[in-house]
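# Observations on the model geometry
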Amino acid sequence: MTASARLEWGTTYQVTVLELGLACCGVEVMAALDRLPDLGVTPVDGAGEAHVLVVSGTVTDVMLPAVLRTFEAMPEPRYVISVGACSNTGGPYWDSYSVTKGIDQALPIHVAVPGCPPRPEALLEGLTALHGLVNA
């Protein structure tokens, strides 16, 4: 996918993304944020205006309630993209007593982006996959 390939979301609202960069995957996601407007997606700072939640990095059991509150504060329709091995499965820390073994145990995940850490382009591909689900 090229950076200039704008996605037609087929919605009456603006597609907005809130990124929860909880660990090293968050750096890779931040590298992709400046390319989101080219896809018809706007990064935002607050859960009240986001339709897509990007969870990237290690989610600990202590941090999980804050992630859930963020998701619950989002307006409908709302979607979740899990980015990186730690967010998807607990990654190399899966056997730690304090690490959530995948955010899918607590939230409905629409797209899981693999990698440790995934490249910034992987998030863009994840958004393209989400686009396919939304318009299906």
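Heads up: the structure comes first, above all this text.
Counting starts from 1 at the beginning of each chain's written sequence and moves along it residue by residue. Confidence filtering applies because this is a predicted model: local features only for residues at pLDDT of at least 70, side-chain atom pairs given and counted only at 80 or more, and all residues used for totals across whole chains, interfaces and linings. Just so you know, side-chain values use all the structure's heavy atoms and leave hydrogens and water out.

Attention shifts here to the overall build of the protein. Think of it this way: any DSSP run of H or I at least four residues long counts as a helix, any run of E at least two long counts as a strand, and we number them from the N terminus. A tally of helices and strands in the protein yields four helices and five strands. Element order for the protein, N to C, with α for helix and β for strand: β-α-β-β-α-β-α-β-α. Exposed residues in this analysis have more than 50% of their type's maximum accessible area, buried residues have under 20%, and partly exposed residues fall in between, with area computed by a 1.4 Å probe over protein chains only. Of all 136 residues assigned to the protein, the portion counted as buried reaches 44%. Considering only intrachain contacts with a sequence separation of at least 6, the fraction spanning at least 24 residues in the protein is 80%. Taken as a whole, the protein presents about 6700 Å² of accessible surface, with 57% of it coming from carbon and sulfur. Should any heavy atoms of two residues lie within 4.5 Å, those residues are counted as being in contact. To be clear on the numbers: accessible area is Shrake-Rupley with a 1.4 Å probe, and residue cover counts the displayed protein chains and nothing else.

In this model, Glu 76 is joined to Pro 77 through a cis peptide bond whose omega is -10°. Position of Pro 77 relative to the elements: it lies in the loop between helix H2 (64-72) and strand E4 (79-83). In this chain, Cys 116 is followed by Pro 117 through a cis amide linkage whose omega measures -15°. Of note, Pro 117 is situated in the loop between strand E5 (111-113) and helix H4 (120-134).

Another point: the environment of Gly 115. As for its placement among the helices and strands, Gly 115 is situated in the loop between E5 and H4. A residue is classified by how much of its surface remains accessible, and Gly 115, at 30% relative accessible area, is partly exposed. Sequence separation between Gly 115 and Val 83 is 32 residues; the distance between their C-alpha atoms is 7.7 Å. With residues near it in sequence (within four places) discarded, Gly 115 still touches Gly 84 and Ala 85.

This part is about the packing of aromatic side chains. Aromatic pairs are defined between Phe, Tyr and Trp rings, using the six-membered ring for Trp, whenever the two ring centres lie within 6.5 Å; interplanar angles under 30 degrees are classed as stacked, those over 60 as edge-to-face, and all others as tilted. For the coordinates displayed, the defined rule picks out zero aromatic pairs. The rule is short: NZ of Lys or CZ of Arg within 6 Å of the ring centre and within 35 degrees of the ring normal puts a charge over the ring. The ring of Phe 71 carries Arg 78 above its face, with NZ or CZ at 4.3 Å from the centroid.

Of all hydrophobic cores here, the largest spans 19 residues; its most connected members are Val 52, Val 54 and Ile 81. Contributing elements (two or more residues each) for this core: strand E1 (15-21), helix H1 (25-33), strand E3 (52-56), E4, E5 and H4. Broken down by element, this core gets its largest block of residues, five residues, from H4. Setting aside residues no more than four positions away along its own chain, Val 54 makes contact with Val 17, Leu 18, Glu 19, Leu 20, Val 29, Ile 81, Val 83 and Leu 123. The next biggest cluster of nonpolar side chains, apart from the first, holds 15 residues, and it includes Ala 47, Ala 50, Phe 71 and Leu 107. We define the nonpolar core as a collection of buried residues of types Ala, Val, Leu, Ile, Met, Phe, Trp, Tyr and Cys that are connected through side-chain atoms lying within 4.5 Å of one another.

On to the pairing of E3. With five of its five residues buried, E3 lies for the most part within the structure. Side chains Val 52, Val 54 and Ser 56 of E3 all project onto a buried face; the interleaved residues Leu 53 and Val 55 project onto the opposite face, where all are buried too. By the convention used here, strands pair only if DSSP detects at least 2 bridges between them. Bridge count for E3 against E4 is five bridges, and the pairing is parallel. Residue pairing in the sheet places Ser 56 in a bridge with Val 83 of E4. Think of it like this: strands point away, you trace from the first strand over the helix to the second, and a clockwise trace means the crossover is right-handed. Once you follow E3 into H2 and on to E4, the crossover reads as right-handed.

The rule for a salt bridge is simple: a side-chain nitrogen of Lys or Arg has to be within 4 Å of a carboxyl oxygen of Asp or Glu. For the structure on display, the rule yields three salt bridges. A salt bridge links Arg 35 to Glu 121; its shortest N-O distance comes to 3.9 Å. Placement of Arg 35 in the loop between H1 and strand E2 (41-43) and of Glu 121 in helix H4 is noted, with a sequence separation of 86 residues between them. By relative accessible area, Arg 35 is classed as partly exposed at 25%. Close ionic contact of Arg 78 with Glu 76 constitutes a salt bridge, the shortest N to O distance being 3.3 Å.

Nothing here speaks to function; it is all geometry.
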